[in-house]
Each structure stands twice: as C-alpha cells, then as structure tokens.
Amino acid sequence: MTSDRNRLSGPLADPAADAGYPDTHPPRMGFFTDTSVCIGCKACQVACKEWNLVPAETEELDLLGQSFDNTGALSADNWRHVAFVEQTVAPDRPPVDLGMPAVGPPPGHDTGSGDGQVRWLMSSDVCKHCTHAACLDVCPTGSLFRTEFGTVVVQEDICNGCGYCVPACPYGVIDIRPGDGRAFKCTLCYDRLGAGREPACAQACPTDSIQFGPLEELRERADRRVTELHERGVDEARLYGRDPGDGVGGDGAFFLLLDEPEVYGLPPDPVVTTHDLPSMWRHAAAAAVGVAASVALSFVGRGTWERTRS
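The paragraphs below set out a description of the structure included in this document. The numbers attached to residues start from 1 for each chain and follow its sequence in the written order. The predicted nature of this model means local features are confined to residues of pLDDT at least 70 and side-chain atom pairs, given and counted, to a pLDDT of 80 or more, with totals for whole chains, interfaces and linings taken over all residues. Note that the side-chain values use all heavy atoms of the structure and ignore hydrogens as well as water.

Side chains that differ in charge, positive against negative, can pair when their charged atoms come close. One side-chain nitrogen of Lys or Arg within 4 Å of one carboxyl oxygen of Asp or Glu is enough to make a salt bridge. All told, the structure shown has 11 salt bridges when counted by the stated rule. Its salt-bridge partner being Asp180, residue Arg182 comes within 2.7 Å of it at the nearest N-O pair. Between Arg232 and Glu228 there is a salt bridge, with its nearest N and O atoms 3.3 Å apart. Taking the relative accessible area as the measure of exposure, Glu228 reaches 34% and is therefore partly exposed. Among the ionic contacts, a cluster of salt bridges with common partners joins Asp34, Arg225, Glu228 and Arg232. Exposure categories follow from relative accessible area, calculated using a 1.4 Å probe and restricted to protein chains: below 20% of the type maximum is buried, above 50% is exposed, and the middle band is partly exposed.

In structure tokens:
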C-alpha cells in the first residue's frame, strides 16, 4: 500500500496492490509502442474493433482530408488511433535509415529540388492506463476499476454516463459514445489477459511496433532500444510515459517517439488532474470553518450589543 501522501500522485510501485489485490496478483502488464517501426497499416485498429465489437463511428466512411488519418483521435468508437504526421526534413538533416523497407524513385529520375525531403511519423495511440488514473478517481459509480494486472477498465454495464471521467483524463482518451451515453476506452483486452493471451492489437501488429508484456520488462527493453537508436545517429529518439516520476506516476502504455510529443498530439507534461484534490479539500474545509466562525461571532456580537443597549 502507498502512503496517503502519494495516493493520488507520485511514484507508486504497485497500483494493483494499492487497489487491494493480494501479493500473489500477476505482474503489471502494459504496452511499449516503438513508433520508429510503425508502418501505419492500421491492423491494430481493425483488430481492436473486431475483438471488442467496437462500432464504426458512422455508417459511411469518414474522410477527414488529413493525410491517411481518417479517425483523427481516440474516441469511444476508436480505442486505437494511428496518427500520420508528414514532415519536411531540412537538407542538412536527412532522414535516418531505420532499416524499414522503402521504394525509391525509378532510375534516372530526380529525387527532389533540394529544398528538403519528406518523412512520415506514424504512431498507434491508445489509453495510457496511468499509474494514477484520474478517470478512476472521479468515477462515482465504480464503473472504472483497477484490475489485478494494474490496468484501468470501464464496466459499461454500471456506467451512468455522468461524464466526469472525460475532462479528468489528462490525455483526452476516454469518451462518451454518441447515442449510447456511456463512457468507453481501451481495456487492454482484459478478457484476453485473463486467459493468458496478448491483446488483439499487439497480436495483429506485423512489425512488433506494439509490444505487450510485464511493464518492468518493457521498460528495460525500451531503454535498450533508445540506446541502440542513439548509437545509430537517431538523436531525437526519446521515451514518453516511461518515467515513474512523471505527473501521472508513469504510464502502463508508453511510447518511443522520434520528435516532440506535441507533434504526435500528446501533451508534453501530463499531470493527473486529481493531483491537487487533497489541497483543495483542505482549503475548502478551512474556508468552511472560517465562515462558521464568522457566523458564530456575529451572533455572539449581536447578543452582546443587545444586552448593552438594554
């Protein structure tokens, strides 16, 4: 169990134990998404929808006109979202060969005007399954709960659609399904985990961009991968959500990025939105005591004034 000081924020070694599970519970499981090998195939999105019976957003195909990204963001009907980021790379900063298959121009054709080259950054986004999950903290019905694997799951059958979880999430992940009124998000395939299987998205990923396993093992693997990329000259490679000392206590689903988090639509420094709740309640209690004392003193003062007058 964690101390009261860190119950809503700060480092927390074992969220499942803090939630009341016995010491014999399974290790914390999670995702490590290596965006440097993501090819944008969207197999993860399809597998997620098929396994979890997530409906299409509309009856017709959405064409947002934004590159190949036709989902735009995570939502109640998109528990996985593959971002396509097109960048122009300056001539003095040529793209680094990551060993991925590519097709060049036909022989004898010009490769460009010299004003720069284009590269794609692709990343499959998902719920972060935070160590300190604000959505779970604010849920009034217990619809959101911490599993024995340390993940955060929505029980839609007892969700009352209050929507408190939506603004509480620092990543903008959880959402209310239109026409349904209840909240939905990635469950990290809780039903598959219980059967000893990996989540559908990770199983479908053809390049192992989405890696699943015990969180501590994934963190060690991610550290080695960043070191490898730095040695190969990819100096911009960095980990996002891996640090247990960050504003959400570290994520259960973290990423290797090749640019700033904002480029991928991720907040640069997320902080659990319930971080200041204890302080807020203390200040509210102090204010209530002050009001009560003022009211009491006003009555005492009024009685003294009336006795003096009489």
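The periodicity of an α-helix, 3.6 residues per turn, causes residues three or four positions apart to be oriented the same way. For helix H7 (residues 215-231), with 17 residues, the first-to-last C-alpha span of 24 Å sits near the 24 Å given by 1.5 Å per residue. Secondary structure elements are defined from DSSP: runs of H or I of at least 4 residues count as helices, runs of E of at least 2 residues count as strands, and each element is numbered from the N terminus. Restricting attention to buried positions, one finds in H7 the residues Leu215, Leu218, Arg219, Ala222, Arg225, Val226 and Leu229. Buried positions in H7, seen along its axis, are confined to an arc of 125° and lie on one side of it. Facing away from the buried surface of H7 by more than 90 degrees, the exposed residues are Arg224 and Glu231. In the stretch just after H7, Gly233 is the one whose phi turns positive, near 95°. Any helix carries an expected span of 1.5 Å times its number of residues minus one. An arc is given here, and it is the one of the directions from the helix axis to the C-beta atoms.

To continue, consider the side chain of His129. Among the secondary structure elements, His129 is positioned in the loop between strand E3 (117-125) and helix H3 (134-138). Of note is the side chain of His129, whose polar atom sits 3.1 Å from the backbone nitrogen of Val152. Two residues form a contact once any of their heavy atoms are found within 4.5 Å. Every residue in contact with His129, bar those within four places of it in the chain, is listed here: Arg28, Arg146, Thr151, Val152, Lys185, Cys186, Thr187, Leu188, Asp251 and Gly252. In the analysis that follows, any N or O atom pair within 3.5 Å is treated as a polar contact, provided that within protein one partner can donate a hydrogen and the other can accept it, and provided that, for residues neighboring in sequence, both atoms belong to side chains.

Here we come to the pairing of strand E1 (residues 29-34). Most of E1 sits inside the fold, with 6 of its 6 residues counted as buried. Judged by which residues are buried, E1 turns out to be covered on both faces: Met29, Phe31 and Thr33 on one side and Gly30, Phe32 and Asp34 on the other are all buried. Across 5 bridges, E1 lies against strand E8 (residues 210-214) in antiparallel orientation. Each bridged residue has a counterpart across the sheet, and for Met29 the counterpart in E8 is Pro214. Pairing between strands requires that DSSP locate at least two bridges from one strand to the other.

Bringing the packing of aromatic side chains into the picture now. Paired rings are identified among Phe, Tyr and Trp, the last through its six-membered ring, by centres lying within 6.5 Å, and are further divided according to the angle between planes into stacked (under 30 degrees), edge-to-face (over 60) and tilted (the rest). Inspection of every chain in the model, using the stated rule, returns 5 aromatic pairs. Measuring from ring centre to ring centre gives 6.3 Å for Phe149 and Tyr190, while their planes differ by 75°; the resulting arrangement is edge-to-face. With Phe149 in the loop between strand E4 (144-146) and strand E5 (152-154) and Tyr190 in helix H5 (residues 190-194), this residue pair connects regions lying 41 residues apart in the sequence. Grouping aromatic residues by their ring pairs yields a cluster made of Phe145, Phe149 and Tyr190.

Exposure above 30% relative accessible area and no salt bridge define the residues that can form patches, which grow by joining like charges within 9 Å and nonpolar side chains of Val, Leu, Ile, Met, Phe, Trp and Tyr within 5 Å. For the area figures, the Shrake-Rupley method with a 1.4 Å probe applies, and any residue is considered shielded solely by the protein chains shown. Judged by side-chain polarity, Phe68, Val118 and Trp120 come together as a nonpolar surface patch covering roughly 310 Å² of accessible area. Along the chain, Trp120 falls in strand E3.

What follows deals with the environment of Ala204. With respect to the element layout, Ala204 can be found in helix H6 (residues 200-204). Setting aside anything within four residues of it in sequence, one finds Ala204 in contact with Ala43 and Ala47.

Another point: the state of the cysteines. Disulfide: a covalent bond connecting the sulfur atoms of a pair of cysteines. Note on disulfides: each one is a pair of cysteine sulfur atoms within 2.5 Å. For the coordinates displayed, the defined rule picks out 0 disulfides. In this structure Cys139 is a free cysteine whose sulfur lies 6.2 Å from that of Cys162, the closest cysteine sulfur available. A residue is classified by how much of its surface remains accessible, and Cys139, at 19% relative accessible area, is buried.

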